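Below, each chain spelled out in residue letters.
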Amino acid sequence: MQQRLKQAVLLEKPRELAKVASSGWFSGFKNRYAFHNVKLCGEAASADEASARAFPPTVKKLIQEEGYTLDQIFNLDETGLYWKCMPTRTYISKNEAHAPGFKAAKDRVTVLLGANASGDLKLKPVLVYHSVNPRALKGYIKSTLGIHFRSSKKGWMTGQIFSDLLVDVFENVFKKYCKKKNIDFKILLILDNAPSHPPTVAELSDNIKVLFLPPNTTSLLQPMDQGVIAAFKAYYLRRTFKKLIEATEEGNDKASVLQFWKKFNMKHAIDIIVEAWVEVSKDCLSGVWRKLLPNLIHDFTGFDASEELPKITENCVSLAKQVSFAEVESADVEELLESHCEDLSTEDLQQLVDSGKIEDAEDEEVQDAKPRELPTSVLSSILREVDTQLQRLEDNDYNAERSRIAVRVRDSREKTAEARQSVDGVTLQLQNLLYEVAHLKKEVRRCLDFQSADQEIDLVPVEQFYVEAPEYISRPADTVEDPHEQRLARLQWELEQRRDQTQLFDKLTQEKEAVAETINEQERKLASLAPRINAILEATRPLQDALDLPIDAKREQQRIVQLLPSPLYTLWVQASAYGEAFDPFIKVEVFGDVDAAKKLIVKEEDTRTENLSESDNDQDQQEENLSRKKRNRKSQKLDAEDLDDGVKQMLGLHPLFVKINVNTKEGNSVVITFYYMQTLRIVTAKCSVHLQEKTKCALTDVISGDTLLNCLVPDDDGQTSPNPANFFQLNRLRINLSDHLSATGRPYKWAQSLSGLSFSSSKQTHVSGEDSQDTSTGAGSSLGDGEMVVWQDSAEQMPHTIQAIRRRLQARLALHAQLVNLETANSTSSIAIPAELLRQHFPGKVCSELKSWRPVTWADYEASSSTQLLREIQVVTPQHLLFMALFDRKHVRLEALVAVSPDHPIKVPVVALSLYWEDHFQTANSPQLRLMEKEVNVHWDELVSSRSDRLHLLPLILYRLAVCLDVYTEAYSAHADARGPDAQFHKEKIFFRPARGPDRAFPFKYHPKLGVFSQR
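Predicted, not measured: the structure shown is a model, and the values here were computed from it.

### Some points on a negative patch on the surface
Then, number 1: Residues Asp 387, Asp 411, Glu 414 and Glu 418 make up a contiguous surface patch of negative charge.
Then, number 2: It is helix 16 (residues 400-448) that provides the largest number of residues to the negative patch, a total of three residues.
Then, number 3: By the secondary structure assignment, Glu 414 is in helix 16.

So this is what it looks like as structure tokens:
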């Protein structure tokens, strides 16, 4: 019924209810139906009831194992308190709401309260304020105020303040209390998981065991939150109203109330806090432990927060009405008590911090007032005056009995003081005796726990001792049966050995110092030789220039190469060694920014040192790292500027680079520049060609740096990184490496081999036998995961790579000349072929003519149906150089798509043919046409007999195509009807027929010695 009414009236129609009902009626309505204002503070809204049920048995087990009593179990908790805040419906609050600036009602302090489970020890409250020296406390000694005063920037309890309080204040209080109760000094302190209670407090004292409540169980289990803090705040408000009544007894009108409230300061608030804490009863402090310690607090019948708090609230309302706050109701008081849980807004908090700064600044400008003192002379005069007045009372009081009582009281006080002095003396003696007893017990325990230092000495085994030690030390007759004497003898032998070792150490130290002095002397001599050697070298510089001896340049290069990264250093060493040993036409040099390379090395060493150094594990650093990680998680998406910086860093090159100049005997040279990408850990290369003679331009550039090194080894076009790890690095920043090759160079696989880099291949390879053993034992050093610097591989690859580059340059120069010739040729006879090769391989007359030669794109090549099979079996790939040659003989046209391999002429060109016999007739799928393709693609080896002949392979193949077209047209005409349109070509070639019958294949094979053609 109550639940349905609460939902229907209080939740669904709050506005209609507020319009109809007055605050007095609403307050009575709540009292009649037992409704209460409930405000969930702290963790109440997300309380973990399962953990709350499981935790008390854990506490019970700990108490039973350690033997704690209720006097030894404590709980501490902080609460916020708006010390100068009145109910919102009072005219004090209304006036303050319209006032400019910081509101005094928002001034907040943090109060730390604590007591033990028996309620016998109530700790002095701790007050944390945002000002170090409030003006209201000037002239007061803070230690006499009845509280422990602390300060922080925002008036909050911090981990440092709490740790200092536990060590400097509470530990001494606990110790004195245990001594007074004659119980062991061991304390179980139960705390929640607030940020002001760092985990390190558990290690501050050996006598205080800290037990933290499970997360999200504070509102369910923590004793201080079960009614102590609520009662304290209610008592504070009630005593505030009482102070207000006492100060305005003469006139409780509005003006006098406002005047008192204006003068109400921090000193008054502290006094009320002390009085309110005193008013919290022992029953209250003990009864709130029922949920946490149900087995120890099970028969409690005293304080009940649900019954006591409404009574205090009604009392506060009654007092408020006496101060002309007639509009205050129970709901207003409850609202005020609950408002202490609310946090300040950012604006209010900033104003609070600023007010604290201003107040502290004023305190620094004005000299602190001296503490209020009561001099001894004044105290003596007061006491004399008291005695005088008592004597006067005795002499003049008409009531003799009253005066005699006063005199007897004085005499009793004097006797009590004398007796107290004697008792204090006995107590002091007792304390001294107890101290002596405790000291003696400690010494006895120390003696019992004593362990000799010789137990940590690693002595030689007993058998070895009797073999090595001389007889005057070992004394076998006395020590074998007596373990103690044996131990002493072994220690004596250990001492003798250590003395010998010490003497040897001193002797070796002296020798070491002598050698060090000799080394220093030699170093000084060598240092004195350096200027002389430099002078001699400077004097020989003209001779070096005359004899072309670059000694200084080599020395400078030797100095620079020490700054190279390992892969480039390996490349420089191997190339220089190969050039000096076998190839004088190779020149290796190092260029770049030397200063930047030095800074990079220093930076890497600093980073390595930081990684090896031990980091601090304090909580503040951990929290800062945690917050930084959270910020990093939130910023997962990179903006454009960060992305650009990431690309630059990812594709960054080392400041130094290596240039290898490969010269040929003809005076041509290939300059290859090698770079090292520091983040991707790969070597890239750029190439430039320098020719002795200027060549004509061709439509297809085959001698530029970008194409010369393409596929120097099979399937190595330098478009992708050979390091598998780079795929993930580049993909994270969405970088396409091929878009930046002009700036970084191409990461050829052979460049990695020359630099000694070896990466795990994306294709699985199976190595067995000796190969497997060689791979595992190869000389190299590791750079990273899947990356090795293999010196042996670099040395083996260097001569092969240099020779391959020279062969490639020679072949490309020949190919370039042939392409220039073919682009200008307008007949078959214009094809540049040595006369000797023409006589050896071709007939004297060729009727088919080369009409045109031009490059084509990969898209054009794909569009032709004759190339489908070549593309499917990947005989031709986009890396090939693609051309189209057009031959014709009268009305017959032959289109030849020629694919030249990047490794030409090691790999021969591949030809795909299409034949058109007049425009209306096409024989692209003719078997004879396939035989013609076979003749040039398969039997090319008949055209070359030496390596020099292979350089002319392309024009030889084209010339053979023209001859094959002659044979095709004449043989086709011979088989056609003599009167038909196809019989238009007279046989000018001699066809050899070794057998009778029809010819199924055309005679494309030429026999130069006989001058005839035959079938294969």
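### A short note on the sheet that holds strand 10 (residues 682-690)
Then, number 1: Taken in spatial order, the four strands make up an open sheet running 7-8-9-10, and their pairing is antiparallel. Looking at the sheet topology across the chains shown, the edges are occupied by strand 7 (586-592) and strand 10. Mean inter-strand twist for the sheet, computed between neighbouring axes without regard to direction, equals 20 degrees.
Then, number 2: Both strand 9 (residues 669-677) and strand 10 contribute to a ladder of nine bridges, which runs antiparallel.

### What about the pattern of salt bridges?
Then, number 1: Within the structure shown, the criterion is met by 24 salt bridges.
Then, number 2: For the salt bridge of Arg 524 with Glu 517, the shortest nitrogen-to-oxygen distance reads 3.7 Å.
Then, number 3: Classification of Arg 524 as partly exposed rests on a relative accessible area of 46%.
Then, number 4: For Arg 960, the salt bridge goes to Glu 935, with nearest N and O atoms at 3.6 Å. Residue Arg 960 is located in helix 38 (residues 953-975), and its partner Glu 935 is located in helix 36 (residues 927-937); the two are separated by 25 residues in the primary sequence.
Then, number 5: One salt-bridge network, held together by shared partners, links Arg 238, Arg 239, Lys 243, Glu 275 and Glu 279.

### Comments concerning a positive patch on the surface
Then, number 1: Positive charge collects at one region of the surface, where Lys 175, Lys 179, Lys 441, Lys 442 and Arg 445 lie side by side.
Then, number 2: If you list the elements that add at least two residues to the positive patch, you get helix 6 (159-181) and helix 16.
Then, number 3: With three residues, helix 16 is the largest single contributor of residues to the positive patch.
Then, number 4: Considering the arrangement of structural elements, one finds Lys 175 in helix 6.

### Regarding the sheet that holds strand 5 (residues 187-191)
Then, number 1: Taken in spatial order, the six strands line up as 4-3-2-1-5-6 in an open sheet, and their pairing is mixed. Bordering the open sheet on either side are strand 4 (148-151) and strand 6 (208-212), each of which pairs with just one other strand. Taken over all neighbouring pairs, the strand axes of this sheet differ in orientation by 25 degrees on average, direction set aside.
Then, number 2: Sheet analysis places strand 3 (residues 126-129) next to strand 4, joined by four bridges and oriented parallel. Residue pairing across strands places Val 126 opposite His 148, the latter belonging to strand 4.
Then, number 3: Lying on the sheet, helix 8 (residues 228-247) is in contact with strand 1 (73-82) and strand 2 (108-116); it crosses strand 1 at an angle near 45 degrees.

### Quick look at the packing of aromatic side chains
Then, number 1: Per the counting criterion, the structure on display carries 20 aromatic pairs.
Then, number 2: An angle of 80 degrees between the planes, with centres 6.4 Å apart, marks the rings of Phe 232 and Trp 277 as edge-to-face. With Phe 232 in helix 8 and Trp 277 in helix 10 (residues 266-279), this pair connects stretches of sequence that are 45 residues apart.
Then, number 3: Ring centres of Tyr 1006 and Phe 1013 lie 4.8 Å apart, and the angle between their planes is 45 degrees; on these two criteria the pair is classed as tilted.

### Comments concerning the packing of helix 36 against helix 38
Then, number 1: Two elements in contact, helix 36 and helix 38, have axes whose closest approach is 10 Å; the angle formed by their N-to-C orientations is 150 degrees. The angle between the axes of helix 36 and helix 38 places the two elements in the roughly antiparallel class. Crossing geometry of helix 36 relative to helix 38 is assigned as right-handed. Touching Gln 928, Leu 929, Met 932, Glu 935 and Val 936 of helix 36 are Ile 957, Arg 960, Leu 961, Cys 964, Leu 965 and Tyr 968, all from helix 38.

Rules used throughout
Residues numbered from 1 in each chain as written. Predicted model: local features only at pLDDT ≥ 70, side-chain atom pairs only at ≥ 80, totals over all residues. Heavy atoms only, no water. Patch = residues over 30% accessible without salt bridge, like charges linked within 9 Å, V, L, I, M, F, W, Y side chains within 5 Å. Areas by Shrake-Rupley, 256 points an atom, 1.4 Å probe, with all protein chains shown as cover. Salt bridge = Lys/Arg side-chain N within 4 Å of Asp/Glu carboxyl O. Lys, Arg positive; Asp, Glu negative; His and termini not counted. Charge placed at Lys NZ, Arg CZ, Asp CG, Glu CD. Helix = DSSP H or I, 4+ residues; strand = E, 2+ residues; numbered from the N terminus. Pairing = 2+ DSSP bridges. Axes fitted to C-alpha atoms, helices over the stretch in contact; angles between N-to-C directions. Buried < 20%, exposed > 50% of the residue type's maximum accessible area, 1.4 Å probe, protein only. Contact = heavy atoms within 4.5 Å. Phe/Tyr/Trp six-rings, centres within 6.5 Å; stacked < 30°, edge-to-face > 60°. Parallel < 35°, antiparallel > 145°, perpendicular 65-115°, else oblique. Left-handed = near helix turned anticlockwise from the far one by under 90°.

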